[in-house]
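# Fold and geometry: a report
Letter by letter, the chains look like this.
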Amino acid sequence: DTFVPKPLFATNVLDEFREAFREKNRALVDGKADLKGRHILLAEDVAINAEIMVMVLSMREMQVDLAENGRIAVEKFSAQPEGYYSAILMDMRMPEMDGLEATRAIRASGREDAETIPIIALTANAFDEDVQRSMQAGLNAHLSKPVEPEALFETLESLIRD
């Protein structure tokens with residue numbers, strides 16, 4: 001997105017196109033995924049936390065499906081076609097099925113994308129043993145709450161692959 005003031009001059013418009021191509025090429029060279037339009041599955045049982053995360057993700061124009069617990073997250077993942085979700089943000093402490101169990105269930109589902117989809121832990125537990133348990137369950141990254149938007153975006157950009 002950009003802004004070009006009126007009256008329009010060909011040189012200004014061409015300069016904006018050049019800058020847009022530079023930005024696009026920079027993203028390709030950096031190996032970062034474009035987050036715009038990506039479908040993200042968010043497993044979060046606390047309504048206010050979910051609302052904040054949806055707002056943060058919408059800053060980069062991502063589409064968010066909310067699951068109120070781990071069981072629902074597994075069901076929503078399974079209900080969509082392979083490759084529909086670009087990543088899963090998984091709260092670790094939820095009712096019915098916690099984030100570790102949900103991650104194990106998704107990874108063991110037998111779907112091809114279940115093995116490769118980035119699953120990122122969102123938790124207040126930032127101790128080494130918590131991170132280790134997350135990685136053993138098949139999570140790709142571990143972010144501590146409250147999540148810093150830039151850390152979240154950098155993590156998603158580095159883990160999502162086309």
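None of the values given here were measured: they were computed from a predicted structure. (Residues numbered from 1 in each chain as written. Predicted model: local features only at pLDDT ≥ 70, side-chain atom pairs only at ≥ 80, totals over all residues. Heavy atoms only, no water.)

### So, the packing of helix 4 (residues 99–107) against helix 5 (residues 128–137)
- Across the interface, helix 4 lies against helix 5 with an axial gap of 9 Å and an inter-helix angle of 20 degrees. Classified by the angle between their axes, helix 4 and helix 5 sit roughly parallel to one another. Taken as a pair, helix 4 and helix 5 cross one another with a handedness that is right-handed. Between helix 4 and helix 5, the contacting residues are L100, T103, R104 and R107 on the first element and R133, S134 and A137 on the second.
- Considering only residue class, the contact of helix 4 with helix 5 consists of 2 nonpolar, 2 polar and 3 charged. (Axes fitted to C-alpha atoms, helices over the stretch in contact; angles between N-to-C directions. Helix = DSSP H or I, 4+ residues; strand = E, 2+ residues; numbered from the N terminus. Parallel < 35°, antiparallel > 145°, perpendicular 65-115°, else oblique. Left-handed = near helix turned anticlockwise from the far one by under 90°. Contact = heavy atoms within 4.5 Å. Nonpolar A, V, L, I, M, F, W, Y, C, P; charged D, E, K, R; others polar.)

### Digging into the nonpolar core
- Within the largest apolar cluster, 22 residues are counted, with the highest numbers of intra-cluster contacts made by L41, F77, I88, M90, I106, I119 and L139.
- Elements that contribute at least two residues to this core include exactly strand 1 (39–43), helix 3 (70–79), strand 3 (87–91), helix 4 and strand 4 (119–123).
- In terms of residue count, the dominant contributor to this core is helix 3 (4 residues).
- When near neighbours in sequence (up to four residues on either side) are disregarded, I106 contacts V74, F77, I88, M90, A114 and I119.
- If you look at the next biggest cluster of nonpolar residues, it comprises 20 residues, including L57, M62, A141 and L152. (Core = buried A, V, L, I, M, F, W, Y, C linked by side-chain atoms within 4.5 Å. Buried < 20%, exposed > 50% of the residue type's maximum accessible area, 1.4 Å probe, protein only.)

### A closer look at the packing of aromatic side chains
- Here the structure, examined in full by the defined rule, presents 1 aromatic pair.
- On the basis of an interplanar angle of 85 degrees and a centroid distance of 4.9 Å, the ring pair of Y84 and Y85 is categorised as edge-to-face.
- Exposure remark for Y85: the relative accessible area of 7% places this residue in the buried category.
- If you follow R60 out to its NZ or CZ, it ends over the ring of F153, 4.3 Å from the centre.
- A cation over an aromatic ring shows up here: R111 above the ring of F77, its NZ or CZ 4.3 Å from the ring centre. (Phe/Tyr/Trp six-rings, centres within 6.5 Å; stacked < 30°, edge-to-face > 60°. Lys NZ or Arg CZ within 6 Å of the ring centre and 35° of its normal.)

### Describing helix 6 (residues 149–159)
- Those residues of helix 6 not exposed but buried are L152, F153, T155, L156 and E157.
- Tucked into the core, helix 6 has its buried residues touching helix 2 (47–58), strand 3, strand 4 and strand 5 (141–144).

### Remarks on a nonpolar patch on the surface
- Side chains of V46, I48, I52 and M55 sit close together on the surface and give an oily, nonpolar patch of about 350 Å² of accessible area.
- On the secondary structure map, M55 appears in helix 2. (Patch = residues over 30% accessible without salt bridge, like charges linked within 9 Å, V, L, I, M, F, W, Y side chains within 5 Å. Areas by Shrake-Rupley, 256 points an atom, 1.4 Å probe, with all protein chains shown as cover. Salt bridge = Lys/Arg side-chain N within 4 Å of Asp/Glu carboxyl O.)

### Some details on unusual backbone geometry
- In this chain, K6 is followed by P7 through a cis amide linkage whose omega measures 0 degrees.
- Structurally, the position occupied by P7 is in the segment before helix 1 (10–30).
- The backbone of E61 shows a phi angle near 60 degrees, a positive value even though the residue is not glycine.
- You can see E61 is positioned in the loop between helix 2 and strand 2 (63–67).
- With a relative accessible area of 39%, E61 lands in the partly exposed category.
- The phi dihedral of E96 is positive, around 70 degrees, even though this residue is not glycine.
- With respect to the helices, strands and loops of the structure, E96 is situated in the loop between strand 3 and helix 4.

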